[in-house]
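Analysis of the macromolecular model
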Amino acid sequence: MSAAPSVLFDAPGPRARLRNHFFTAIVVVLVAAGLWLTISAFADKGQFAADKWTPFLEASVWETYLLPGLRGTIVAALLSIVLALVLGMIFGVLRLSEHRPVRWFASVVVELSRAIPVLILMIFLFAVFAEYDLFKSDDLALAAVVTALTIYNGSVIAEIVRAGIRSLPRGQTEAAVALGLRKNQLMRLILLPQAITAMLPALISQMVVALKDSALGYQITYVEIVRSGQQLGSSESNTIPALMVVALVMILLNSLLTFVATQVERRLRTRKKKGTAVLAADSVVTDAAPGVDIAKR
């Protein structure tokens, strides 16, 4: 049984397949050689010696360094992700407004927020918060990290929301308007629920970005896992092993976040296929415009 032809590209012929296998083998060999050279260099410098890894078996090391850093990373990431989702939803909808001033204002805010590097934004906000004493000294770094991540990721999510809503069939909007739904009802009950399901893969990627970018907070003295790993490396004279452990923890965190978000996406898509997410007609027209009586249709 022959394989179905791809709609994205022409199926390669015998020579093309042979060439692809050849280049793939070269890349695999180069990657393996790079890993071997890296591991050998670390081994020559004694980075795999037992005395550099035994501190990770002590509970006091985790309680003093890694667990507080991990808690700081999770707190900053969760706060920024939740706030960025809210901010992104608001500005994504505003960018679709029929009022030109509102649309222009939202566009300027989103484009400006996307253009500023996150690290520069963190440093600037940290200086502003400290200058005007807007937060307690213990919360200055956390506030700057969360605010910067919220602004940047919120602007990206706003574009994702706008693209997701625009990808929906225009007939749904026309049908909702014909039923007498107001604009806020159309957006809240019809467009956003469907767009969120379509946007979930991109939203998952942005959540992972927010989690990784929280590590930039070490530049403004925020206690997160990268800064804790550096402090641990300085204390135990095992900087490379400490950063390896931190990298492993970050990989596990990102994988866990991706897994959870993917399960949510799969469940929402399954519900959509089964039709369980369809709203009842009476709930949709609760605040319908005067003169609209669905019962008589």
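Look a little higher up for the structure.
Residues numbered from 1 in each chain as written. Predicted model: local features only at pLDDT ≥ 70, side-chain atom pairs only at ≥ 80, totals over all residues. Heavy atoms only, no water.

**Digging into the pattern of salt bridges**
According to the stated counting rule, one finds 5 salt bridges in the structure shown. Across the pair Glu111 and Arg95 runs a salt bridge, and its minimum N-O distance is 3.5 Å. Highlighted residues: Glu111 in helix H4 (residues 100-115) and Arg95 in the loop between helix H3 (59-94) and H4, separated in sequence by 16 residues. Classification of Glu111 by relative accessible area gives partly exposed; the value is 38%. Of the charged contacts, one joins Arg162 and Glu159 as a salt bridge, the two residues approaching to 2.9 Å between their closest N and O atoms. Of this pair, Arg162 and Glu159 are both found in helix H6 (residues 140-166), 3 residues apart, which corresponds to roughly one turn of the helix. Comparing Arg162 with Glu159 shows no difference in burial state: the two are buried. Because the salt bridges share partners, they merge into one network encompassing Arg95, Glu111, Arg114, Glu159 and Arg162. (Salt bridge = Lys/Arg side-chain N within 4 Å of Asp/Glu carboxyl O. Helix = DSSP H or I, 4+ residues; strand = E, 2+ residues; numbered from the N terminus. Buried < 20%, exposed > 50% of the residue type's maximum accessible area, 1.4 Å probe, protein only.)

**Examining the nonpolar core**
Within the largest apolar cluster, 20 residues are counted, with the highest numbers of intra-cluster contacts made by Val161, Ile165, Ile190, Leu191, Leu192, Met199 and Leu203. Looking at this core, the elements with two or more residues in it are H3, H6 and helix H8 (183-213). With 10 residues, the single largest contributor to this core is H8. In contact with Leu191, not counting residues within four places along its chain, are Ile165, Leu168, Thr173 and Leu186. (Core = buried A, V, L, I, M, F, W, Y, C linked by side-chain atoms within 4.5 Å. Contact = heavy atoms within 4.5 Å.)

**As for unusual backbone geometry**
Positive phi outside glycine occurs at Asp133, with the angle close to 55°. When you line up the elements, Asp133 lands in the loop between helix H5 (118-131) and H6. One non-glycine residue, Ser237, lies in positive phi territory at about 55°. If you trace the backbone, Ser237 turns up in the loop between helix H9 (225-236) and helix H10 (239-274). Exposure remark for Ser237: the relative accessible area of 51% places this residue in the exposed category.

**Regarding helix H1 (residues 14-44)**
For H1, spanning 31 residues, the distance from its first C-alpha to its last is 45 Å, which sits close to the expected 45 Å at 1.5 Å a residue. With its phi angle positive at about 75°, Gly46 sits one or two positions after the end of H1. (Expected span 1.5 Å × (residues − 1).)

**Some words on the side chain of Asp213**
By the element assignment, Asp213 lies in helix H8. Although Asp213 lies buried, it forms no salt bridge, and the closest oppositely charged side chain, Lys212, sits 6.9 Å away as judged by the N-O distance. Ignoring anything within four residues of it in the chain, the contact list for Asp213 reads Val118, Met122, Leu149 and Tyr152. (Lys, Arg positive; Asp, Glu negative; His and termini not counted.)

**Describing the packing of H3 against H8**
Relative to each other, H3 and H8 sit at 145°, their axes nearing to 11 Å. H3 and H8 meet at a crossing whose hand is right-handed. Residues Thr73, Ala77, Ser80, Ile81, Leu85, Met89 and Val93 of H3 form the contact with H8, whose own contacting residues are Met187, Leu192, Ile196, Met199, Leu203, Met207, Ala210 and Leu211. Residue composition of the contact of H3 with H8, grouped by class: 13 nonpolar, 2 polar and no charged. (Axes fitted to C-alpha atoms, helices over the stretch in contact; angles between N-to-C directions. Left-handed = near helix turned anticlockwise from the far one by under 90°. Nonpolar A, V, L, I, M, F, W, Y, C, P; charged D, E, K, R; others polar.)

**With respect to the packing of aromatic side chains**
All chains considered together, the criterion is met by 5 aromatic pairs. With centroids separated by 6.3 Å and ring planes inclined at 70°, the aromatic side chains of Phe42 and Phe48 adopt a geometry described as edge-to-face. Among the residues examined, Phe48 registers a relative accessible area of 40% and is labelled partly exposed. Considering the side-chain rings of Phe129 and Phe135, the 5.0 Å spacing of their centres and the 65° angle between planes classify their relative orientation as edge-to-face. Of the residues examined, Phe129 reaches a relative accessible area of 9% and is grouped as buried. Judged by its relative accessible area of 35%, Phe135 is partly exposed. (Phe/Tyr/Trp six-rings, centres within 6.5 Å; stacked < 30°, edge-to-face > 60°.)

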